[in-house]
Amino acid sequence: MSQIRTPAEIVEYMSHHGAEKATTPTWRLGLMAVLGGMFIGLGTLLAMEVAGGSTGLAASNPGLVKLLFGAVFPLGFIAVTLTGADLFTSNCAGGFVSWWRREIDWRLLSRFWAISFAGNAVGAIAAAWVFGLETHLLTTDAATQYLITIANGKVSHPFWMTFTKGMLANLLVCVASMQGYSAKDTLGRMLGIWFPVMAFVTLGMEHSIANLFIIPAAMMAGADISVSQFVFANLIPATLGNLVGGALLIGLPYALIYLPRRKAAVTAAKAEMPNAACVPDLVP
């Protein structure tokens, strides 16, 4: 029996899995999303501690510190994958493919993305406060300075640059999700996810959910960043870029290549959200 799913099987799975999640009761999807945001926050916290503590290496080889940051960051994505939590950024592709197949309509798709994003935000910000600040992991001199430097950089770019970085970040995140779908064993899923996620982090791209940990944590640690600056200079362009990168750069082309668009409208049974079943599956 093959241990690898074909691309066509992966895209078909994305479609069905996206529809299942989109029709999940609000409380269940929201709880899955809170866990997903928390796991992404924990992966970011680990990366901050490791890279922030490598001051000597940063002075002599800053590129290697970026690689080190990227190498440990995927912990959160792997946790989301293997525990069946929910992540907004990978839902940008999965939800779009489900809509393209007409398994869900725009109302369900919008609800799906909104609940996923809100739950991720709650989990990421809570992780920043409880696990980052209250444990003092992000209040030591080296870690705090590194965190604040990263956060200041993220709110200093022009809208279009952050938007573009958001597109590339989620292109790679959704590729990571698809590679996670491709494998049928734990190690294969982990490796399939690790490489693209490591790449987008090392390149310094913009992932909206990770930023919901980094920038609020920096603000709580004393960074001179206002809420409006965070929202308008980073969160909005990064999120829009993530949507375009996931839905239009990954979801649309793969749906066109592998899935014919269904002619039938969304059924009434599918639209009855409280009665729809959801099975938290192998990847976000």
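Residues numbered from 1 in each chain as written. Predicted model: local features only at pLDDT ≥ 70, side-chain atom pairs only at ≥ 80, totals over all residues. Heavy atoms only, no water.

Describe the overall build of the chain, naming the residues involved and giving the relevant values.
Within the chain, the regular secondary structure consists of 13 helices and zero strands. Secondary structure of the chain in N-to-C order comes out as α-α-α-α-α-α-α-α-α-α-α-α-α. Taking 19 Å as the expected radius of gyration for a compact globule of 284 residues, we find that the chain reaches 18 Å, a close match to that expectation. Looking at the chain as a whole, 51% of its 284 residues qualify as buried. Summed over all atoms, the accessible surface of the chain reaches about 11800 Å², with 71% contributed by carbon and sulfur. (Helix = DSSP H or I, 4+ residues; strand = E, 2+ residues; numbered from the N terminus. Rg over C-alpha atoms; globule rule 2.2 N^0.38 Å. Buried < 20%, exposed > 50% of the residue type's maximum accessible area, 1.4 Å probe, protein only. Areas by Shrake-Rupley, 256 points an atom, 1.4 Å probe, with all protein chains shown as cover.)

Got a sec to walk through the nonpolar core? Specific residues and values, please.
By size, the foremost hydrophobic cluster in this structure holds 73 residues, and its most contacted members are Phe73, Phe77, Leu138, Val197, Phe200 and Phe213. Looking at this core, the element that brings in the most residues is helix α7 (residues 106-133), giving ten residues. Leu138 has contacts with Leu45, Met48, Glu49, Gly132, Leu133, Ala143, Thr144, Leu147, Phe213, Ala217 and Ala221, leaving out every residue within four places of it along the chain. (Core = buried A, V, L, I, M, F, W, Y, C linked by side-chain atoms within 4.5 Å. Contact = heavy atoms within 4.5 Å.)

Explain a nonpolar patch on the surface to me, and be specific about the residues and the numbers.
Taken together, the side chains of Ile125, Trp129, Val130, Phe131 and Met220 present a nonpolar region at the surface, about 420 Å² in accessible area. Looking at the nonpolar patch, the element that brings in the most residues is α7, giving four residues. Owing to a relative accessible area of 46%, Trp129 belongs among the partly exposed residues under this scheme. (Patch = residues over 30% accessible without salt bridge, like charges linked within 9 Å, V, L, I, M, F, W, Y side chains within 5 Å. Salt bridge = Lys/Arg side-chain N within 4 Å of Asp/Glu carboxyl O.)

Now, about the packing of helix α9 (residues 159-182) against helix α12 (residues 227-258): what can you tell me, with residues and values included?
Two elements in contact, α9 and α12, have axes separated by 6 Å at closest approach and are oriented at 45°. The angle between α9 and α12 falls in the class oblique. At the point where α9 passes α12, the crossing takes the right-handed sense. Its residues placed into classes, the contact of α9 with α12 shows 18 nonpolar, eight polar and no charged. (Axes fitted to C-alpha atoms, helices over the stretch in contact; angles between N-to-C directions. Parallel < 35°, antiparallel > 145°, perpendicular 65-115°, else oblique. Left-handed = near helix turned anticlockwise from the far one by under 90°. Nonpolar A, V, L, I, M, F, W, Y, C, P; charged D, E, K, R; others polar.)

Lay out the side chain of Lys165 in plain terms, naming residues and giving numbers.
Within the fold, Lys165 resides in helix α9. Buried within the structure, Lys165 lacks any salt-bridge partner; its nearest side chain of opposite charge belongs to Glu206, at an N-O separation of 4.9 Å. Filtering out sequence-adjacent residues up to four positions away, Lys165 remains in contact with His157, Gly204, Met205 and Glu206. (Lys, Arg positive; Asp, Glu negative; His and termini not counted.)

Describe the packing of helix α2 (residues 26-52) against helix α5 (residues 75-83), listing the residues and the values that go with them.
With their axes 7 Å apart at the nearest point, α2 and α5 run at an angle of 150° to one another. Comparing the axis directions of α2 and α5 gives the class roughly antiparallel. Pair α2 / α5 crosses with right-handed handedness. Judged by residue contacts, Gly36, Phe39, Ile40, Leu42, Gly43 and Leu46 of α2 engage Leu75, Gly76, Phe77, Ala79, Val80 and Thr83 from α5. A per-class count over the contact of α2 with α5 returns eight nonpolar, four polar and no charged.

Any chance you could break down the packing of aromatic side chains for me, citing the residues and the numbers?
Taken as a whole and assessed by the stated rule, the structure comprises 13 aromatic pairs. Judged by centre distance (4.7 Å) and plane angle (70°), the ring pair of Tyr13 and Tyr181 falls under edge-to-face. Taken together, the residues span a long stretch of sequence, with Tyr13 in helix α1 (residues 7-22) and Tyr181 in helix α9 at a distance of 168 residues. On the basis of relative accessible area, Tyr181 is assigned to the buried category, the value being 7%. (Phe/Tyr/Trp six-rings, centres within 6.5 Å; stacked < 30°, edge-to-face > 60°.)

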